[in-house]
Structure formats: C-alpha cells, structure tokens
Amino acid sequence: MANPKRIGLFGGTFDPVHIGHLRGALEVAEFMGLDELRLIPSARPPHRETPLVGALDRLAMVEQAVVDLPPLQVDDRELQREKPSYSIDTLESLRAELAAHDQLFLILGWDAFCGLPGWHRWDELLQHCHILVLQRPDADSEASEELRNLLAARSASDPLALNGPGGQISFIWQTPLAVSATQIRSLLANGRSVRFLVPDAVLAYINAHGLYRG
C-alpha cells in the first residue's frame, strides 16, 4: 500500500489573501511535512460578512499568490457550488477523491475553532479529517463546554503523532503576523500603500483591476 497522502486544508474569504495567510500556511505545511496544503476560497461563507470582492477576483489573487510556492495550492471547489460554503460538504467531496487512508488536516484559528458548534453538521467533521488549531498568544475567545468535552475525548498533544485519516484534534503554536485583510482593505480604500503586506503579484492584480478603492 502506498504511503498515505498528507493534505492540509485552509479555508477563508481571502479578501484579499495576504502575507499572514501565506506565512502561516507555509509554516504549518513545513512543520507537519504535508504533501500539499490547499487554500480554499469560500464563495458564500455562512459565518462571515459577504466578501467585498467577488469570488473570481479572490480566486485569481490566491492563484497569483501561490505560484512557485509548493506545497501551497488552490482548491476552488467551494466556488463551484451554488449553496453556502459548508466545510462538511468540502470534506465529503475531498474524501470521495482520496484513498481511504489518506490524511486530511483541517486548519483553523482558535477563534474559528471556538465557533465550531455553530457550524453545519460540525459534529461530523472529525469523521473525515484531523483538526489542527493554530494557537496564538493574542487569542481571547473561550471554548464552550461542548468543545471542552470534545477536546477531552479527541485531543492529541503532539500534532506530528496524529494517526489515521482523521478523528483527532491537536494544537500548533503560531506567532501571528500583525496583518489583517480588514487593515489592507482600509489602507487601499484610503489610497495608501499595502506593499509588503500582500505578495507583489497580488498587489499588481489589485491595481490592475481597481479593487478595494474608496
């Protein structure tokens, strides 16, 4: 039997994608020894405001950002669906394409993880993947009792020791870069430079298409 593939999944609106997303994804991919880490732009995120920029522009920016950056890749399946971007649907469709023993790692920030009980069919996620939670020193959300119970049953102290295709939760400590999409959109709306906050190719795309201007 071939060695299992190790695939990370990192979703978001990427409105726009920036160096914080990319640096964080690259660090996780290298630390975990992933074969690939897929950035998955969401079309209609059920838990967030509607993105400012359309799906095709956000997809194009992510594609520009990961050129020559293996193992980072782009997966556009959520943009192909007509309904809201539910993670459980994404995991089910990915699983259908993979070998049964391949490993999927869903990467979530702590705040997103704390919101899991509000997700569609959230209690089925671990049937399809492991969850990697990015712990940051500035995290201030509180885990609910439901999540604390889940962690008691399913957490593994060493993310590198996660076995099998899914079923466990582990934490990766990450020092965040102090950059956000909100900050970038605000700078652009006010005619200020975002050089070095986004990759040059993404900035060129934003300028060429007049995105995020006031």
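Residues numbered from 1 in each chain as written. Predicted model: local features only at pLDDT ≥ 70, side-chain atom pairs only at ≥ 80, totals over all residues. Heavy atoms only, no water.

Under the annotation held in an unreviewed UniProt entry, the protein chain carries the name Probable nicotinate-nucleotide adenylyltransferase and is attributed to Phytopseudomonas dryadis. Quoted verbatim from the Catalytic activity (unreviewed entry) field of UniProt, the annotation for the protein chain is "nicotinate beta-D-ribonucleotide + ATP + H(+) = deamido-NAD(+) + diphosphate". UniProt's Sequence similarities (unreviewed entry) comment on the protein chain is quoted here verbatim: "Belongs to the NadD family." (UniProt positions renumbered as here; feature names shortened; annotations may be inferred.)

Asker: What's the story with the nonpolar core in this structure? I'm lost.
Answerer: Most often, soluble globular proteins have nonpolar side chains that are buried together. Counting residues in each nonpolar core, the largest one holds 39 residues, and the members touching the most others are V17, V28, L37, L39, M61, L132 and V194. Only α1 (19–32), β2 (36–41), α2 (55–65), β4 (103–109), β5 (130–135), α7 (181–189) and α8 (200–209) provide two or more residues apiece to this core. Ranked by the residues each element gives to this core, the list is headed by α1, at six residues. When near neighbours in sequence (up to four residues on either side) are disregarded, M61 contacts P16, V17, V53, V202, Y205, I206, L211 and Y212. Core analysis: the next-biggest nonpolar cluster, separate from the first, contains 26 residues, F113, C114, W119 and A143 among them. (Core = buried A, V, L, I, M, F, W, Y, C linked by side-chain atoms within 4.5 Å. Buried < 20%, exposed > 50% of the residue type's maximum accessible area, 1.4 Å probe, protein only. Helix = DSSP H or I, 4+ residues; strand = E, 2+ residues; numbered from the N terminus. Contact = heavy atoms within 4.5 Å.)

Asker: What is the right way to read the sheet that holds β4 from this model?
Answerer: Backbone hydrogen bonds are what pair the strands of a sheet, in a parallel or an antiparallel way. Read from one edge to the other, the open sheet built from six strands follows the order β3-β2-β1-β4-β5-β6, with strand pairing classed as parallel. Each edge of the open sheet is held by one strand with a lone partner, namely β3 (72–74) and β6 (169–173). The average undirected angle you get between the axes of adjacent strands in this sheet is 30°. Direction of pairing for β2 relative to β3: parallel, over a ladder of three bridges. (Pairing = 2+ DSSP bridges. Axes fitted to C-alpha atoms, helices over the stretch in contact; angles between N-to-C directions.)

Asker: Explain the environment of L52 to me, please; I cannot follow it from the model alone.
Answerer: Checked against the element boundaries, L52 lands in the loop between β2 and α2. By relative accessible area, L52 is classed as exposed at 62%. A C-alpha to C-alpha distance of 7.7 Å links L52 and Y212, two positions 160 residues apart in sequence. When residues no more than four places from it in sequence are discounted, the contact partners of L52 are D15, R185 and Y212.

Asker: It is not clear to me how the packing of aromatic side chains should be interpreted in this structure. Could you clarify?
Answerer: For any pair of aromatic rings, geometry is given as the distance between the ring centres together with the angle between the planes. Applying the stated criterion to the full structure yields four aromatic pairs. Arranged with centres 5.8 Å apart and planes meeting at 35°, the rings of W110 and F113 form a pair that is tilted. Of this pair, W110 and F113 both sit in helix α5 (residues 110–114), separated by three residues, roughly a single helical turn. F113 shares its class with W110; the two are buried. Ring geometry for W110 versus F171: centroids 6.1 Å apart, planes at 45°, classification tilted. Taken together, the residues W110 in helix α5 and F171 in strand β6 connect sequence positions 61 residues apart. Take W110: its relative accessible area is 13%, and that puts it in the buried class. Aromatic rings pair up to connect W110, F113 and F171 into one cluster. (Phe/Tyr/Trp six-rings, centres within 6.5 Å; stacked < 30°, edge-to-face > 60°.)

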